[in-house]
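This is what each chain is made of:
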Amino acid sequence: MASAIPLSKELSHNSISISSRLGNSLDVVSRRIGGDDSDSAATIAILYIDSLVDQRTINDHIVQPLMNALLVGAEQEQPTGQGMLERLSRHVIAAGSVAVIRTEEEALEALLNGFCVIMVDGTDEALIAVTAGGEQRSVDEPVTQTVIRGPQHSFTENIFTNLGLIRRIIRSPNLRLQGKRIGRQTQTHVFVASIKGIAKQSVVDEVLRRLDAIDIDGIIESSYVEEFIQDRTFTPFPTLMNIERPDVVAASLLEGQVAVIVDGTPFVLLAPVTFFKFFQSAEDYYQRFDIASFLRLLRHITFIASMLLPALYIAITTYHQEMLPTTLLISLAAQREGIPFPALFEAFLMEITFEVLREAGVRMPRAIGPAVSIVGALVLGQAAVQAGLVSPAMVIVVSFTAISNFVTPQINIAIAARLIRFSLMLLAGMLGLYGIMTGVIVLLTHLAGLQSFGVPYMAPVAPFIWSSWKDIFIRVPRWAMKSRPEMLGGSKRKNNARMPDWQRSRSE
Amino acid sequence: MGKLSGYQIVVMIIMFELGSTPLFELGIKAKQDSWLAMTLAASIGLLLLWVYLRIQGRFPGMGLADLLRVHFGKFLGTFTGLLFGLYFTYEASRNARDFSELTVMTILQQTPQWVIIFTTALISLYGVYKGPTVFFRVVEMLFPIVILSYGVIVILLFIARLPNYHRLLPMLENGVGPVVSAAIPDIVSFPFGQMVVFLMFWHRLSPGKKLGRIASMGYIIVAVLLIVLNAISMAVLGPEISSISSLPLLEVVQLIRIANILERLDVFVTLLLYIGLYVKMTLFCMAAVIMMKNLFKGSHAAWSAAIILIICGLAFLEPNNTVRLWLGLTVMVKLFTIFQIALPIVVLAVGAMRGLGKKGTEPETAHTADEI
């Protein structure tokens, strides 16, 4: 950026110069107050961008007090220049935060962030006051990560609302929020939240270091940040998690994770994460531990099913029919009798059809919704079977796979399963169960090699960390979760207890 | 270089030794006493394990390549290291061939063998390329699956009331002779003597852990498992059928028929054997790659690719399975004993004579850096 241009002592020059640097845009308002009738003799000017400020704040807390001050002071001798500026700052402007600036660049930045700039004739300093406003979406119920029991609010697009939501849950002075501006043009606010003493300092530093390395024109969504700070790009598996629930973010911070909050999106990033974190739902902690454990196990199994089921069906019906009980085999063979395609082709046909339906369901305007479901359910399901294009068993397999895919609480790991499913189907079609096994071994090797901010992705299964198993495939009762998950810290840490020892004996 | 935990070493020893061993009814020469032959071989293997552990104990931070150089000097050490590298490579290639023979015999009768060997080589290459840290984690993930599956199979066998202990009687019908001749050198060499490969990996154990206890624990667990599996399999089939069957364990499992649903579990067992073979092959291949890299420098990726290519080539060496089994059981077993028994004992003796590994004696050659 060019060297900063200082403000001049001449009021009209300043306001014209700043306006012109904003392209004399119509929403830049320059209000002059005081002086005699001619504009050029005004003593005070207020500059703000109409679309970014709250009109009432401007009227009630800036303009009104300024006018009163000039009126009251009309009889007395008015201070001028610097003296006037200080008087305004101390006694007149009724805004929460007021600062002094000296350059045009500072003025521009303030304007673009919804501040208003108050300039006084005869001094080369100006005041900025917080007046940010404008329409915001209010705090709503979560849309993508719903629970039956538990807090029913979610993050919004406003980062300061979001920070407030987190602070309101964790009322601890140890909650650290480190802010940054990223994006050459957008100058987006990005905050890194962590709890001092719980989060591993090296992870926090690493997150900050990777954030600093980002140099891009704009950050529109947290996925921009995610792609820049993740460990590996060429993997279908996410190594950061995105969350729209403040309660989940707070709980994760309490377990030692670090949150990256990006302005303009309700999705907050969490790091480091492990593979098994993606199968934990907020609900697990709000319902009784027995049902929570059952559902947790169910999620793991359905995730595997959503990856493997069509491949297994292809492999068994094509290569290993002898594995099936005779009656089932006969029934399957009878269904497939009139089908013109091999199982692999049949499965691909149905899977692709389903993917198309799903994409249509997400993208289409809401009003057309019912039409798509009718087409999907009737035409492509029932009619395809009656027309003899696909076998009923295949429709069942594909539908069950599709539903399994929706059980996973985190959409981004479910997407990974969708992609892997197709390659496994291909392997199954070529090499049967042997092909599936090769695929799975390659997958496991890939997963074992992944890391998220230094934490092995498959922890605590590989490497094996027994103390962290309490919250992986099952959720043990809360009194048994006496320590924080070791794996997120990377090693055994002191001060790891999250509840006193007597808690357990009392609850028995 | 990533360090390995004690648990990872135990798991790897179990998975490696389990490997493809249940595929063969070892010690069938001793008829119904095969499990006694296994026990004898396992005990001799325990002695060998002690030898290996003593060698490692002298310089806990050194891999086999460095150990050989320290004991034999630079030239001879490099030469024996190269021989060990070739031995590991050949063992890996035998596993690759096992893979393809098993596949065409059981689940993919019409697929050409080279397809199987190449796909196997590819997945192995991926594991080797990723390095020991990642591969040990993979095995950690496979371990519960394999152990649970074997457990379920044994339970199902008992539910189906298949094992009959009268088939194990009479014990020592023809005296101790057949048991000893079955155990030595065949079973000692496969699988127990193959523990020598761990000299390539033990030095990665994170410091402060007791290697001796960890390795012996893994070894004893897997030895007991193998003996039990051997005995059960013999109790189901009896010596006559076992001796003529090419894949006895699969025949055992095929006998399980419960509630009209659990039939033909042999396909699952084949997959279990695949996992075992994969682990074994990849570990041997990894050992060969690291050995070559330590001896002659060069990048991990390049050596991985080279060794895997050699393994693929070697896997096609024998024209058919009969020649291969004959070669393995008569010629190679004697060659293998050089690496599993003779050389380690020589190393132990040389070290004792030169007084290596006592406190204060520093290794003469610098450690070879392992970056993976």
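Only a predicted model underlies this, so the values are computations on that prediction, with no experimental measurement involved.

Peer 1: Is there a simple way to think about the pairing of strand β4 (residues 115-120) of chain A in this case?
Peer 2: Residues and elements named next belong to chain A. Among the 6 residues that make up β4, 5 are buried, leaving the element largely enclosed by the rest of the structure. Where strand β2 (residues 44-49) and β4 come together, 4 bridges link them in antiparallel fashion. Within β4, the position partnered with Ala 45 by the bridge is Met 119. Note: β4 against strand β5 (residues 126-130), 5 bridges, orientation antiparallel. Among the inter-strand pairings, Val 117 is bridged to a residue of β5, identified as Ile 128. Where β4 folds back onto β5 in an antiparallel hairpin, the turn is made up of 5 residues, including Gly 122, whose phi is positive at roughly 95°.

Peer 1: Any chance you could explain the sheet that holds strand β6 (residues 175-182) of chain A here in plain terms?
Peer 2: What links the strands of a sheet is backbone hydrogen bonding, and the strands pair in either a parallel or an antiparallel sense. All names here are of chain A. Strand order across the open sheet formed by 5 strands is β6-β7-β9-β10-β8, with antiparallel pairing between neighbours. Edge positions in the open sheet fall to β6 and β8 (241-243), since each of these has one partner strand only. Going from strand to strand, the sheet's axes swing by 25° on average, the running direction of each strand aside. With 3 bridges joining them, β8 and strand β10 (residues 268-271) adopt antiparallel strand pairing. Along β10, the bridge assignment pairs Met 241 with Leu 270. On top of the sheet, helix α5 (residues 159-169) reaches β6, β7 (188-195) and β9 (258-262); it is set at about 10° to β7, its chief contact. Helix-sheet contacts for helix α8 (residues 246-254) involve β6, β7, β8, β9 and β10, and the interaxial angle to β7 is about 50°.

Peer 1: Help me understand the nonpolar core in this model?
Peer 2: Side chains of nonpolar character tend, in soluble globular proteins, to be buried together. Counting residues in hydrophobic clusters, the biggest one holds 209 residues, and the most contacted among them are Phe 237 and Phe 275 of chain A together with Phe 84, Phe 88 and Trp 202 of chain B. The residues that make up this core include at least three from each of domain 2 (159-273) and domain 3 (288-455) of chain A. Beyond its immediate stretch of four places on either side in the chain, Trp 202 of chain B contacts Ile 9, Ile 13, Leu 49, Tyr 52, Leu 53, Gln 56, Met 195, Leu 211 and Ala 215 of chain B. Judged by nonpolar contacts, the second largest core, of 22 residues, contains Ile 44, Tyr 48, Ile 58 and Met 84 of chain A.

Peer 1: Mind showing me how you'd approach the UniProt feature "transmembrane region" (unreviewed entry) in chain A here?
Peer 2: Residue and element names in this part refer to chain A. Here the UniProt feature "transmembrane region" (unreviewed entry) sits at residues 297-319, 389-407, 419-444 and 450-469. Taken end to end, residues 389-407 has its terminal C-alpha atoms 29 Å apart, with 84% of it in helix and 0% in strand. Between the first and last C-alpha atoms of residues 450-469 the distance is 19 Å; the span itself is 0% helix and 20% strand.

Peer 1: I would appreciate a short explanation of the packing of helix α3 (residues 64-72) of chain B against helix α4 (residues 74-105) of chain B in the present structure.
Peer 2: Helix packing for two helices is described by the angle between their axes and how far apart those axes are. All names here are of chain B. At their nearest, the axes of α3 and α4 sit 7 Å apart, and the two run at 145° to each other. At the point where α3 passes α4, the crossing takes the right-handed sense. Judged by residue contacts, Leu 64, Leu 68, Arg 69 and Phe 72 of α3 engage Lys 74, Leu 76, Gly 77, Thr 78, Thr 80, Gly 81, Phe 84 and Phe 88 from α4. When its residues are assigned to classes, the contact of α3 with α4 shows 6 nonpolar, 4 polar and 2 charged.

Peer 1: Explanation requested: the domain arrangement of chain A in the structure shown.
Peer 2: Domains assigned within chain A are domain 1 (11-130), domain 2 (159-273) and domain 3 (288-455). The C-alpha-based centres of domain 1 of chain A and domain 3 of chain A are spaced at 64 Å.

Peer 1: I'm lost on the packing of aromatic side chains in this one. Help?
Peer 2: Under the counting rule described, the total for this entry stands at 36 aromatic pairs over all chains. Centroid distance Phe 24 of chain B to Phe 190 of chain B: 5.8 Å. Interplanar angle 75°. Geometry classified as edge-to-face. With Phe 24 of chain B in the loop between α1 (6-18) and α2 (34-58) and Phe 190 of chain B in the loop between α7 (177-189) and α8 (211-244), this pair connects stretches of sequence that are 166 residues apart. Pairwise contacts between aromatic rings join Phe 237, Phe 275, Phe 276, Phe 279, Phe 303, Tyr 457, Phe 464, Trp 466, Trp 469 and Phe 473 of chain A together with Tyr 7 of chain B into one cluster. Above the face of the Phe 453 of chain A ring, Arg 210 of chain A is positioned so that its terminal group lies 4.2 Å from the ring centre. Note that Lys 280 of chain B overlies the ring of Phe 16 of chain B, its terminal NZ or CZ placed 5.3 Å from the centroid.

Peer 1: Just checking my understanding: could you explain the confidence of the model for chain B for this structure?
Peer 2: For residues with low pLDDT, the predicted coordinates do not support detailed interpretation. In the predicted model, chain B carries a mean pLDDT of 87, and the fraction of residues at 70 or more is 95%. Mean pLDDT per element in chain B: α7 of chain B is the minimum at 84, and α1 of chain B is the maximum at 94.

About the criteria used
- Every chain is numbered independently, its residues counted from 1 as its sequence is written.
- The order in which chains are written sets their letters, starting at A; the order in which ligands are written sets their numbers, starting at 1.
- Totals for whole chains, interfaces and linings use all residues, but because this is a predicted model, local features are given only for residues with pLDDT of at least 70 and pairs of side-chain atoms are given and counted only at 80 or more.
- Derived side-chain values reflect all non-hydrogen atoms in the structure, with water molecules and hydrogen atoms excluded from consideration.
- Three exposure classes are used, based on accessible area relative to the maximum for each residue type with a 1.4 Å probe and protein chains only: buried under 20%, partly exposed in between, and exposed over 50%.
- Secondary structure counts use DSSP, requiring at least four H or I residues in a row for a helix and at least two E residues in a row for a strand, with both numbered from the N terminus.
- For two strands to count as paired, DSSP must find a minimum of two bridges between them.
- Axis definition: a line fit to C-alpha positions, over the contact stretch in the case of helices; interaxial angles, taken between N-to-C directions, run 0 to 180 degrees.
- Two residues form a contact once any of their heavy atoms are found within 4.5 Å.
- Residues belong to a common nonpolar core when they are buried Ala, Val, Leu, Ile, Met, Phe, Trp, Tyr or Cys residues joined through side-chain atoms within 4.5 Å.
- An automatic or database domain assignment supplies the start and end points of every domain.
- UniProt positions are given in the numbering used here, feature names are shortened, and annotations may be inferred rather than shown by experiment.
- Handedness of a crossing follows from how the near helix is turned relative to the far one, being left-handed for an anticlockwise turn of less than a right angle and right-handed for a clockwise one.
- By the convention adopted, Pro, Cys, Tyr, Trp, Phe, Met, Ile, Leu, Val and Ala count as nonpolar, Lys, Arg, Asp and Glu as charged, and the other residues, Gly among them, as polar.
- Here is the rule: rings of Phe, Tyr and Trp (six-membered ring for Trp) pair when centre to centre is within 6.5 Å. Planes less than 30 degrees apart are stacked, more than 60 are edge-to-face, and the remainder are tilted.
- The criterion for a charge sitting over a ring is simple: Lys NZ or Arg CZ within 6 Å of the ring centre, and within 35 degrees of the ring normal.
- Confidence of the predictor at the level of single residues is given by pLDDT, which spans 0 to 100.

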